[in-house]
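# Structural overview for review
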Amino acid sequence: MSMVDPDPGPPPVGGRAAQHIVTIERFLADSQPPGSTGELSRLLDDIALAGKLIASRTRRAGLTELLGKAGAVNVQGEEQNLLDVYADDVMTALLSGHGRVAAIVSEEQSEPVVVDPTAPYVVVHDPLDGSSNIDSNVSIGTIFGVYRREDTSGAPSEADWLRPGRDLVAAGYVLYGTSTMLVYSAGFGVHAFTLDPEVGEFLLTWSDLRFPDEPAYYSLNLASAPQWEAGMGRFVDWLNRPDTPELSQRYIGSAVADFHRNLLHGGVFGYPGEVDRPEGKLRLLYEGAPLAYLASQAGGRGSDGTQDLLEIRPTDPHQRTPVFVGDRFLIARLEECLSEE
Ligand code: P6P
């Protein structure tokens, strides 16, 4: 077997570069809390396999029929890409049939899908966030969150998935970019793995990732500024003052990619509410809350502009919310700007 040299390069300011070759399966097995059944680890292994399969197709999207549109429109009213449908199908297939997942809430499914009614977990996910960028070869990602059911005696119900993000037992994303990375937390820090396509393994690249103390970026679509409330203007003005942290503006239009860059190098990502869309665009359950969970595990925060995203209990699986995730100092300043009259 060729000696895999995952050469993670220098760790970002807030992480520890891997010193040994560790697969995600081994890392999950070794980091299980005492008394664990191993079911959550195996569920996360299933998601890692789904990420490998989706990565394989995403890498070739430009060369196969998958680049096109599926011809359908999802519950969001967004035209589905073939890759959206493929990613959703793969996640459903790999999360079914093992007695681990009772129900799946997906951006691509109008209703939650009941899988194994007496199983202990519920998975919420956006199978391919940022898919509108597929044809321009921009990084896109799968975002997921895992809840442990409090009562498995009956069939899964909305009490199992309409949960605040503080109830998550794990969350993460798979980023399909220049390399494929899986970043997750199960409540004990944030850890990043890079897929080595030659051996088909996610290898530990950085452990205990934390937002650097000094942020470098802010990610806002300034073209939408005329649609924002006045407080957002005060925040952007504050960001650009000479006596505040000198940040660069980077906005990819793919939340996972923006979040990932800010996690490694410091910063904040935001999708504010707008005049004609005060609830914003991103979904609370399977986009905002998982990213806020990761942010909180990495020393940052998630907010809707007024409160911690992890405290909001959704009333609908596809509920939208303004989303701000990243550096806790920048988010505190943003909340101040939005609260000023
Ligand atoms: P806009 C991608 O469609 C997405 O859901 C997020 O990944 C991304 O941050 C946002 O929408 C981009 O939206 O309106 O700026 O193009």
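Small disclaimer: the values here were computed from a predicted structure and weren't measured. Residue indices begin from 1 for each chain and proceed along its sequence in written order. Given that this is a predicted model, residues contribute local features only at a pLDDT of at least 70 and side-chain atom pairs are listed and counted only at 80 or more, while totals for whole chains, interfaces and linings are drawn from all residues. Hydrogens and water are ignored here; the side-chain numbers use all heavy atoms of the structure.

### Overview of the overall build of the protein chain
- The helix count covers DSSP runs of H or I at least four residues long, the strand count covers runs of E at least two residues long, and both are numbered beginning at the N terminus. The number of helices and strands found in the protein chain is eight helices and 16 strands.
- Each radius of gyration is computed over the set of C-alpha atoms, and the globule rule expresses the reference value as 2.2 Å times the number of residues to the power 0.38. At 19 Å, the protein chain has a C-alpha radius of gyration in line with the 20 Å of a compact globule built from 341 residues.
- Out of the 341 residues in the protein chain, the part that is buried amounts to 56%.
- By definition, residues are in contact when any of their heavy atoms lie within 4.5 Å. Taking the contacts inside the protein chain whose residues are at least 6 apart along the sequence as the reference set, 64% of them involve residues at least 24 apart. Accessible area is worked out with a 1.4 Å probe on protein chains only. A residue is then buried under 20% of its type maximum, exposed over 50%, and partly exposed in between.

### Side note on the site of the ligand
- In the region of the ligand, the neighbouring residues are Asp129, Gly130, Ser132, Asn221, Tyr251, Gly253, Ser254, Ala255, Phe269, Tyr271, Lys281 and Leu282.
- In the analysis that follows, any N or O atom pair within 3.5 Å is treated as a polar contact, provided that within protein one partner can donate a hydrogen and the other can accept it, and provided that, for residues neighboring in sequence, both atoms belong to side chains. Within the contact set of the ligand, an oxygen atom lies 2.9 Å away from a side-chain nitrogen or oxygen of Lys281.
- Method for areas: the Shrake-Rupley scheme with a 1.4 Å probe, in which residue coverage is limited to the protein chains shown. Burial of the ligand by the protein amounts to 81% of the accessible area it has alone, namely 400 Å².
- Considering only residue class, the shell around the ligand consists of five nonpolar, five polar and two charged.
- Residues from two domains meet in the shell around the ligand; each of domain 1 (21-207) and domain 2 (217-339) gives at least three. Near is defined per residue: the residue qualifies when any heavy atom it owns lies within 4 Å of the molecule or strand. Residue type decides the class: Asp, Glu, Lys and Arg count as charged, Ala, Val, Leu, Ile, Met, Phe, Trp, Tyr, Cys and Pro as nonpolar, and the leftover types, Gly among them, as polar. Each domain's limits were defined by an automated method or a database of domain assignments.

### Concerning the pairing of strand β14 (residues 267-271)
- In terms of residue burial, β14 counts as a mostly covered element, since five of its five residues are buried.
- Every second residue of β14 is oriented toward a common face, with Gly267, Phe269 and Tyr271 on one face and Val268 and Gly270 on the other, all of them buried.
- By definition, two strands form a pair when at least two bridges between them are found by DSSP. Sheet topology note: the strand β12 (residues 217-219)/β14 ladder contains three bridges and is parallel. Each bridged residue has a counterpart across the sheet, and for Tyr218 the counterpart in β14 is Val268.
- Pairing geometry for β14 and strand β16 (residues 323-326), over four bridges, is antiparallel. Counted as the bridge partner of Phe269 is Val325 from β16.

### Observations concerning helix α2 (residues 39-59)
- By this rule the span expected of a helix is its residue count minus one, scaled by 1.5 Å. An ideal rise of 1.5 Å per residue puts 30 Å on 21 residues; α2 measures up with 30 Å between its terminal C-alpha atoms.
- Burial of α2 is extensive: 15 of the 21 residues sit out of reach of the surface.

### Observations regarding the pattern of salt bridges
- Salt bridge, as used here, is a side-chain nitrogen of Lys or Arg placed within 4 Å of a carboxyl oxygen of Asp or Glu. What the rule picks out here adds up to 20 salt bridges.
- Of the charged contacts in the structure, one is a salt bridge between Arg42 and Glu39, with a shortest N-O distance of 2.9 Å. Within this pair, Arg42 and its partner Glu39 are both found in helix α2, separated by three residues, close to a single helical turn.
- Taking relative accessible area as the criterion, Glu39 reaches 18% and is therefore assigned buried.
- The residue Asp258 makes a salt bridge to Arg261 at a minimum N-O spacing of 3.2 Å.

### Quick word on the domain arrangement of the protein chain
- For the protein chain, the assigned domains are domain 1 (21-207) and domain 2 (217-339).
- Contacts between the two partners involve 47 residues from domain 1, matched on the other side by 32 residues from domain 2.
- Joining two parts hides part of their accessible area as seen by a 1.4 Å probe, and the buried area is that hidden amount summed over both. Summed over both partners, the interface of domain 1 with domain 2 buries about 2900 Å², with 63% contributed by carbon and sulfur atoms.
- Counting the surface domain 1 buries against domain 2, the share from its top three residues, Ile143, Leu162 and Tyr173, is 21%.
- Here Arg166 makes a salt bridge to Glu311, at a shortest N to O gap of 2.8 Å.
- Applying the counting criterion to the domain 1 and domain 2 interface returns 13 residue pairs in polar contact (both at pLDDT 80 or more).
- When residues of the side of domain 1 that touches domain 2 are traced back to their parent elements, those giving at least two are β4 (101-106), β6 (121-129), β7 (140-148), β8 (168-176) and β9 (180-185).
- No other element matches β8, which puts eight residues into the side of domain 1 that touches domain 2.
- Here the residues of the side of domain 1 that touches domain 2 are counted per class, giving 26 nonpolar, 15 polar and six charged.

### Concerning the sheet that holds β7
- Read across the open sheet, the nine strands follow the order β1-β11-β10-β9-β8-β7-β6-β4-β5; overall the sheet is mixed. The open sheet terminates on both sides in strands that have one partner only, identified here as β1 (16-17) and β5 (113-114).
- Here six bridges tie β8 to β9, and the two strands are oriented antiparallel to one another. In the strand pairing of β9, Tyr176 is matched with Thr180.
- A fitted line through C-alpha atoms serves as each axis, taken over the contacting stretch for helices, and the angle formed by two N-to-C directions is quoted from 0 to 180°. Strand contacts of helix α3 (residues 82-94): β4, β6 and β7, with the helix running at about 160 degrees to β6, the strand carrying the most contacts.

### Here we look at the environment of Asp84
- Summarising the element assignment, Asp84 is placed in helix α3.
- Sequence separation between Asp84 and Pro127 is 43 residues; the distance between their C-alpha atoms is 6.5 Å.

### A few points about the nonpolar core
- Counting residues in hydrophobic clusters, the biggest one holds 44 residues, and the most contacted among them are Tyr173, Phe259, Leu263 and Val325.
- In terms of residue count, the dominant contributor to this core is helix α7 (residues 284-297) (nine residues).
- Each of domain 1 (21-207) and domain 2 (217-339) contributes no fewer than three residues to this core.
- Aside from chain neighbours lying at most four places away, what touches Phe259 is Tyr173, Phe211, Leu291, Leu294, Ala295 and Val325.
- Buried Ala, Val, Leu, Ile, Met, Phe, Trp, Tyr and Cys residues form a nonpolar core when they are joined through side-chain atoms within 4.5 Å. Val22, Leu28, Leu43 and Leu128 belong to the second-largest nonpolar core, a separate cluster that totals 41 residues.

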